[in-house]
Structure formats: C-alpha cells, structure tokens
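# Observations on chain architecture
Here is how the chains run, residue by residue.
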Amino acid sequence: MAKKHLVDTYFRFLNLAQAVQALPSVPKLDAAEERLLEALTAAWHAGRTLTVTETMALSVAGAPATVHRKLARLRREGLVSVDESSTDLRSKTVVPTRKALDYFEKLAACLEEAKRK
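A brief structural summary.

When helices and strands are tallied, the chain shows five helices and three strands. For the chain, the α and β elements follow one another from N to C terminus as α-α-β-α-α-β-β-α. With the C-alpha coordinates of the chain rotated into their principal frame, the extents come out at 55 × 30 × 25 Å. Out of the 117 residues in the chain, the part that is buried amounts to 32%. Sequence separation of at least 24 residues holds for 60% of the intrachain contacts in the chain that already meet a minimum separation of 6.

In structure tokens form, the structure reads like this:
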C-alpha cells in the first residue's frame, strides 16, 4: 500500500510539473536541454561552478558539439549565464540565472503539493 502511495505521489508531481512547463513564461526545452540545465544547476547548488569546457565534457546532453549548442540555447532563453569577467577564455564559468532558479522553485512547489495530497 505504501508503494502505491509513492507512485501516486510521483504521478501527481509529474502532472503538476507538466502544468508548470506548459506556462508561457517557461521556455520549451527538449530533453537534452532539460538534463543539461539540471546538471548545471545541481553542480551550482552543490557549491561547484563548471567552466564552459567542463560543461561541454558532460555527457548528459550528448557530444561536446551538441552540449555547446544546447548551452547556447539555454543562454538565449535566459536560463544560464556565462561569466564574462574572466580574462582567461578557457575558464569562463556557467551559472544558472534567477529565471532558472525560479523554474526549479516552481518544480519544488509541485513536489510539495504532490506530497500533501
């Protein structure tokens, strides 16, 4: 019975998350972009910042060229920014923007809501 409750909670969360992702204020991301944003934000949340080079080495979104293209799209959508203050072009860091953090806060609220029911 407890497992059914967990499964129900998970599917309530998925339904709520899909509603958030359908909002006009939330950019439409493909699966690879979503995974890349999650990986970047998880690293940042853990206190690590990734350079562009380290980001391109992540396999979550595919080959380095694909990751670079996805990273550029996340930048255009305003979900990540690249620290332009660095004088070393190889060590520019990638960080989530307030828009990305707001998105994850909305998803966290969906999780809380799903757990309450």
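Once that is clear, we can look at helix H2 (residues 31-45). Taking 1.5 Å per residue as the helical rise, H2 with its 15 residues ought to reach 21 Å, and the 21 Å between its terminal C-alpha atoms agrees with that figure. Taken residue by residue, H2 has Ala 32, Glu 33, Glu 34, Leu 36, Leu 37, Leu 40, Thr 41 and Ala 43 as its buried positions. At the N-terminal end of H2, a side-chain oxygen is found 3.1 Å from the backbone nitrogen of Ala 32, two or three residues along, and the residue is Asp 30. Immediately downstream of H2, the backbone of Gly 47 shows phi near 95 degrees, a positive value.

By the secondary structure assignment, Leu 58 is in the loop between helix H3 (52-57) and helix H4 (64-76). Counting along the chain gives 59 residues from Leu 58 to Lys 117, while the straight-line C-alpha distance between them is 37 Å. For Leu 58, the contacting residues outside a window of four places in its chain are Leu 36, Ala 39, Leu 50 and Val 67.

Residue position: Ala 109 is located in helix H5 (residues 98-116). Here the alpha-carbon distance between Ala 109 and Ala 17, two residues 92 residues apart in the chain, equals 9.2 Å.

This next bit is on the pattern of salt bridges. Counted under the stated rule, the structure contains nine salt bridges. For Glu 33, the salt bridge goes to Lys 70, with nearest N and O atoms at 4.0 Å. Placement of the pair is Glu 33 in helix H2 and Lys 70 in helix H4, with a sequence separation of 37 residues. Of the two residues examined, Glu 33 and Lys 70, each falls in the buried class. Among the salt bridges present, the one from Lys 115 reaches Glu 112, with a minimum N-O distance of 3.5 Å.

What the rule picks out here adds up to two aromatic pairs. Ring plane angle 75 degrees and centroid distance 5.5 Å describe the contact between Tyr 10 and Phe 11, whose orientation is recorded as edge-to-face. Accessibility expressed as a relative area gives 46% for Phe 11, which makes it partly exposed.

Within the largest apolar cluster, 24 residues are counted, with the highest numbers of intra-cluster contacts made by Leu 36, Leu 37, Leu 40, Leu 71, Val 80 and Val 94. For this core, the secondary structure elements donating two or more residues are helix H1 (2-21), H2, H4, strand S2 (80-82) and H5. With residues up to four places along the chain from it excluded, the contact list for Leu 36 reads Thr 55, Leu 58, Val 60, Ala 61, Val 67, Lys 70, Leu 71 and Leu 74.

Cut-offs used in this document
- Counting of residues starts from 1 at the beginning of each chain's written sequence and follows it residue by residue.
- Local features in this predicted model are restricted to residues of pLDDT 70 or higher, and side-chain atom pairs are both shown and tallied only at a pLDDT of 80 or more, whereas totals for entire chains, interfaces and linings draw on every residue.
- Side-chain metrics in this entry use all non-hydrogen atoms of the structure; hydrogen atoms and water are not considered.
- The helix and strand labels rest on DSSP assignments: H or I over at least four residues marks a helix, E over at least two residues marks a strand, and numbering proceeds from the N terminus.
- Exposed residues in this analysis have more than 50% of their type's maximum accessible area, buried residues have under 20%, and partly exposed residues fall in between, with area computed by a 1.4 Å probe over protein chains only.
- Pairs of residues are marked as contacts when any of their non-hydrogen atoms sit within 4.5 Å.
- Given a helix with a known number of residues, its expected span is that number minus one, times 1.5 Å.
- Here a polar contact means two N or O atoms within 3.5 Å. Within protein one must be a hydrogen donor candidate and the other an acceptor candidate, and residues neighboring in sequence count only if both atoms are side-chain atoms.
- Basic side-chain nitrogens of Lys or Arg form a salt bridge, by our definition, when they fall within 4 Å of a carboxyl oxygen of Asp or Glu.
- Two rings from Phe, Tyr or Trp (for Trp, the six-membered ring) form a pair when their centres sit within 6.5 Å of each other. Planes less than 30 degrees apart are called stacked, planes more than 60 degrees apart edge-to-face, and all others tilted.
- Among buried residues, the Ala, Val, Leu, Ile, Met, Phe, Trp, Tyr and Cys ones that are joined through side-chain atoms within 4.5 Å form a nonpolar core.

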